[in-house]
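# A look at the structure
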Amino acid sequence: MATDDGSAILQVEEVAKHFGNVVALEGASMEAKDGEITAIVGDNGAGKSTLIKCVAGVHLPDRGRIVFGGEVVRFSSPEEARRAGIETVYQNLALVDELTIWQNLFLNREIKRGVGPVSFLDRKAMARRSEEMLSRLDIHIPSVHARVRRLSGGQRQAVAISRATGWGSRLIVMDEPTAALGVKESGRVEELILRLREEGHSLLVISHNFDQVLRLSDQIWVMRQGRVVGGRRTSETTGDELVALVTGANRGEPDEEGEA
Ligand SMILES: Nc1ncnc2c1ncn2[C@@H]1O[C@H](COP(=O)(O)OP(=O)(O)O)[C@@H](O)[C@H]1O
Ligand SMILES: [Mg+2]
């Protein structure tokens, strides 16, 4: 099902994953092209989150292959995936409420000055760097010294996304980035996603908002019951076609396994 023109940054090939008796992925295949926004849609329980967790090193697939940047990868932790250049923004934003914005941006990747026993965290450098990261993405937040607890949902999402972009990541994975946000804040996050593509990032975004997916993405993969049942260039599909693919209304048609 994947196209073969060499520009894929990510290829997922027949990946399967079960949890006890639950088959979450039953041989799912898709790909993401370098510099594009790739969307995954599908009903609740279709396997979308499990698929991206396999890509992001949270789960090891039971079967199948994941190829990232031309190399077969088998991440046994999110840290390994991150080191390879895959950053993930999760549905339940992994920010720490009681820490400041800059502390969250640098959580687990502190800048240190000096070596060995005399090294210490360079707080000023981290705060300054945080301001740069946010302003580069045109994110307006009063102060990087504010605690995350005080931010709105949209501001939190912006900080989480900024965190994912700040460390030379090649692929940014987002699970329902606007699910918890109002219309206006969703719009700002969408602008942020488009800005990241302009900067040359590749993005893999789960959404069940078809309008959003049609506005934002270059390529759409549809999942149903643990499989990827169709792939479309965004410019060549419609909301009606996506609904049909997601619900299986066109089940049995020869074209169901559509080409990218
Ligand atoms: N950690 C887990 N343990 C047990 N079952 C899980 C786990 N994660 C996902 N599942 C199950 O796998 C299936 C796919 O879930 P998920 O990937 O979260 O779907 P989606 O993100 O498309 O809603 C569901 O039936 C879900 O209940
Ligand atoms: Mg999910």
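Before going into details, it helps to say that this report is about the structure given with it. Going along each chain's sequence as written, the residues are numbered from 1 onward. Note on labels: chains are lettered from A, ligands numbered from 1, in written order. The model is predicted, so local features are restricted to residues of pLDDT at least 70 and side-chain atom pairs to those at 80 or more, both for listing and for counting; the totals for chains, interfaces and linings are taken over all residues. By convention in this description, side-chain values take in all heavy atoms of the structure and omit both hydrogens and water.

## Describing the nonpolar core
Soluble globular proteins tend to pack their nonpolar side chains together in the buried interior. In this text, buried Ala, Val, Leu, Ile, Met, Phe, Trp, Tyr and Cys residues form a nonpolar core when linked through side-chain atoms within 4.5 Å. Buried means the residue's accessible area, taken with a 1.4 Å probe over protein chains only, is under 20% of the maximum for its type, while exposed means over 50%, and partly exposed covers the values in between. Counting residues in hydrophobic clusters, the biggest one holds 33 residues, and the most contacted among them are Ile101, Met174 and Leu203. Looking at this core, the elements that each hand over two or more residues are helix 3 (101–105), helix 4 (123–136), helix 5 (153–165), strand 9 (171–175), helix 6 (183–198) and strand 10 (202–206). Strands are runs of DSSP state E lasting at least two residues, helices are runs of H or I lasting at least four, and both sets are numbered from the N terminus onward. Considering every element that reaches this core, the biggest residue donor is helix 5, with five residues. The contact rule is simple, with two residues in contact once any of their heavy atoms fall within 4.5 Å. Leaving out residues up to four positions away in the same chain, leucine 203 has contacts with Glu36, Ile37, Thr38, Leu171, Ile172, Met174, Ile193, Leu196 and Arg197. Membership of the second largest hydrophobic core comes to 27 residues, among which are Ile9, Ala46, Ala81 and Met223.

## Points about the environment of lysine 53
Residue position: lysine 53 is located in helix 1 (residues 48–55). Sequence-distant contacts of lysine 53, defined by excluding residues within four places in its chain, comprise Val58, His59 and Tyr90.

## Digging into the packing of helix 5 against helix 6
Running from N to C, helix 5 and helix 6 point in directions that differ by 15°, and their axes come no closer than 9 Å. Overall, the two elements helix 5 and helix 6 adopt an arrangement that is roughly parallel. Crossing of helix 5 against helix 6: the hand is right-handed. Contacts from Gly153, Gly154, Gln155, Gln157, Ala158, Ile161 and Thr165 in helix 5 reach Glu185, Val189, Leu192 and Leu196 in helix 6. A fitted line through C-alpha atoms represents every axis, and for helices the fit uses only the stretch in contact; the resulting angles, taken between N-to-C directions, go from 0 to 180 degrees. Working rule for angles: under 35 degrees goes down as roughly parallel, over 145 as roughly antiparallel, 65 to 115 as roughly perpendicular, anything else as oblique. It is the rotation of the near helix from the far one that decides the hand of a crossing: anticlockwise by less than a right angle makes it left-handed, clockwise makes it right-handed.

## Concerning the environment of alanine 56
Relative to the helices and strands, alanine 56 resides in the loop between helix 1 and strand 4 (63–68). Separated by 30 residues in sequence, alanine 56 and isoleucine 86 place their C-alpha atoms 6.5 Å apart. In this structure, alanine 56 is in contact with Ser77, Pro78, Ala81, Ile86, Thr88 and Tyr90, ignoring residues within four places of it in sequence.

## Structural notes on the sheet that holds strand 2 (residues 22–33)
Within the open sheet, the four strands sit side by side as 2-1-4-5. Their pairing is antiparallel. Of all strands in the sheet, those bounded by a partner on one side alone are strand 2 and strand 5 (71–73). On average, each strand axis in the sheet is inclined to that of its neighbour by 25°, with strand direction left out of account. The sheet contact formed by strand 4 and strand 5 spans three bridges and is antiparallel. Each residue of the ladder has a partner; that of isoleucine 66, found in strand 5, is valine 73. Across the sheet, helix 1 is in contact with strand 1 (8–19), strand 2 and strand 4; its angle to strand 1 comes to roughly 120°. Strand pairing is assigned whenever DSSP detects at least two bridges linking the two strands.

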